[in-house]
Amino acid sequence: MRATTIHAPFDMRVADVPDPVVRNPGDAVVRVLRSCICGSDLWAYRGESARQAGQRIGHEFLGIVEETGAEVTGVGRGDLVVAPFMWSDGVCDYCREGLTTSCEHGGFWGSVGSDGGQGEAVRVPFADATLVALPAEAASDDRLLAALLTLSDVMGTGHHAALGAGARAGVTVAVVGDGAVGLCGVLAAKRLGADRIIALGRHEARTDIARLFGATDVVAERGDAAVEAVRELTRGQGAHAVVEAVGTEQSMRTAVSITRDGGAIGFVGVPHGSGTGLDLSVMFDRNIALRGGVAPVRTYIPELLPDVLDGTIDPSPVFDLTVGLEGVPDGYKAMDERTALKVMVAN
């Protein structure tokens, strides 16, 4: 079959790779209908995150079950399913507590030796615990497929950040980052009832989506100017809840500086850079909490899925470019050059 492989910085190739097969009784093979490129994939693309030459890539996908192992009972051949960005066994202590990303037997799509989502098919370990069945009729609805695909990562990750920040009715939420995760953080904060949502971003096409998703205010400044602008909007106090969806030292410093005393930061931006942007003495003095990390999206899918299906939330606008599988290298280039927000791959 055909699948995306990474060989060196800026060297993405769609190549012939072995077809996936059931290896263990709990496996399933899923034929991919939709996958996408994540902002975190760009760190490997740019050479800032190490990969082996020829390694598979891609961790967001949905598709049709083609084959199952003897012990799989929750999904069957022909079912439309979505996969979270990590597989998990569903029975270890962490999984039972909802922290599926720390599963003792879990793993990440595209890791060495595993299939990546940006291909024609994927072998899924622990299929019953990992995959979530979707309505069959969604397979013929392109917009709904796009919305459902966000449940594999960015919508669940935005939700994780909003929960960590304490987004709820009666509070002001600020979102640092105008990528797909940050925009989903806006949508998640709106869904959780936040009264005011301030989106920090300087790209009009993205802030237009933020407003569509529920942002009441947009701050285009960066650094100290952004801090001043947010404080002007909040009577000098800052936001009760802050979503940090970038992962740089500057973005975290901004997040801390715009958080209200007694507030919280939900951080989901993959950390990269020379420092953390955290000053514990500042956080101590101002009673600022920090929560977040890798989002256990498998835990969130059952909660978010009904709202996607009935149209309560529609995250599909985060996809602004669609390519076929052979066009994936061009998709990476578009996202790296910021001419695309998030690229969907349609098989």
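The preceding data block contains the structure.
Residues numbered from 1 in each chain as written. Predicted model: local features only at pLDDT ≥ 70, side-chain atom pairs only at ≥ 80, totals over all residues. Heavy atoms only, no water.

(A) Seen up close, the overall build of the chain. When its secondary structure is counted, the chain shows 12 helices and 18 strands. Relative to a compact globule of 347 residues, whose C-alpha radius of gyration would be 20 Å, the chain shows 20 Å and is just as compact. Projected onto the principal axes, the alpha-carbon positions of the chain cover approximately 60 × 40 × 35 Å. The buried share of the chain, reckoned over its 347 residues, is 56%. Taking contacts inside the chain between residues at least 6 apart in sequence as the whole, the part at least 24 apart equals 70%. Accessible area for the chain stands at about 14100 Å²; split by element, carbon and sulfur atoms hold 50% of it. A distance of 4 Å separates the average location of the 30 positive side-chain charges in the chain from that of its 45 negative side-chain charges. (Helix = DSSP H or I, 4+ residues; strand = E, 2+ residues; numbered from the N terminus. Rg over C-alpha atoms; globule rule 2.2 N^0.38 Å. Buried < 20%, exposed > 50% of the residue type's maximum accessible area, 1.4 Å probe, protein only. Contact = heavy atoms within 4.5 Å. Areas by Shrake-Rupley, 256 points an atom, 1.4 Å probe, with all protein chains shown as cover. Lys, Arg positive; Asp, Glu negative; His and termini not counted. Charge placed at Lys NZ, Arg CZ, Asp CG, Glu CD.)

(B) How the structure looks around the pattern of salt bridges. All chains considered together, the criterion is met by 19 salt bridges. In this structure, Arg123 and Asp27 form a salt bridge, with 2.7 Å as the shortest nitrogen-oxygen distance. Taken as a pair, Arg123 in strand β9 (residues 121-124) and Asp27 in the loop between β2 (11-16) and β3 (28-36) lie far apart in primary sequence, 96 residues in all. Each member of the pair, Arg123 together with Asp27, is buried. Here Asp93 ties to Arg96 by a salt bridge, and the two come within 2.5 Å at their closest N and O atoms. Within this pair, Asp93 and its partner Arg96 are both found in helix α2 (residues 93-96), separated by three residues, close to a single helical turn. Each of Arg2, Asp16 and Glu326 takes part in salt bridges that share partners, so that together they form one network. (Salt bridge = Lys/Arg side-chain N within 4 Å of Asp/Glu carboxyl O.)

(C) Region of the structure containing the packing of aromatic side chains. What the rule picks out here adds up to five aromatic pairs. Ring centres of Phe10 and Tyr45 lie 5.0 Å apart, and the angle between their planes is 75°; this geometry places the pair in the edge-to-face category. Placement of Phe10 in the loop between β1 (2-8) and β2 and of Tyr45 in helix α1 (residues 41-45) is noted, with a sequence separation of 35 residues between them. Seen from their ring centres, Tyr45 and Tyr332 are 5.3 Å apart, and the 35° between their planes marks the pair as tilted. Note that Tyr45 is positioned in helix α1 and Tyr332 in helix α12 (residues 328-336), a separation of 287 residues in sequence. (Phe/Tyr/Trp six-rings, centres within 6.5 Å; stacked < 30°, edge-to-face > 60°.)

(D) Representation of helix α7 (residues 204-213). Those residues of α7 that sit buried are Arg206, Thr207, Ile209, Ala210 and Phe213. All buried residues of α7 project into a common sector of 150° when viewed along the axis, lining one side. Along α7, the residues that are exposed and aim more than 90 degrees away from the buried face are Glu204, Ala205 and Leu212. Looking at the residues trailing α7, positive phi occurs at Gly214, about 130°. (Arc of directions from axis to C-beta.)

(E) Quick peek at the sheet that holds strand β15 (residues 259-267). The six strands are arranged β13-β12-β11-β14-β15-β16 in an open sheet whose pairing can be described as parallel. Since the sheet does not close on itself, it has two edges, and those belong to β13 (217-219) and β16 (289-292), each with one partner. Going across the sheet, the axis of each strand differs from the next one's by a mean of 20°, ignoring polarity. (Pairing = 2+ DSSP bridges. Axes fitted to C-alpha atoms, helices over the stretch in contact; angles between N-to-C directions.)

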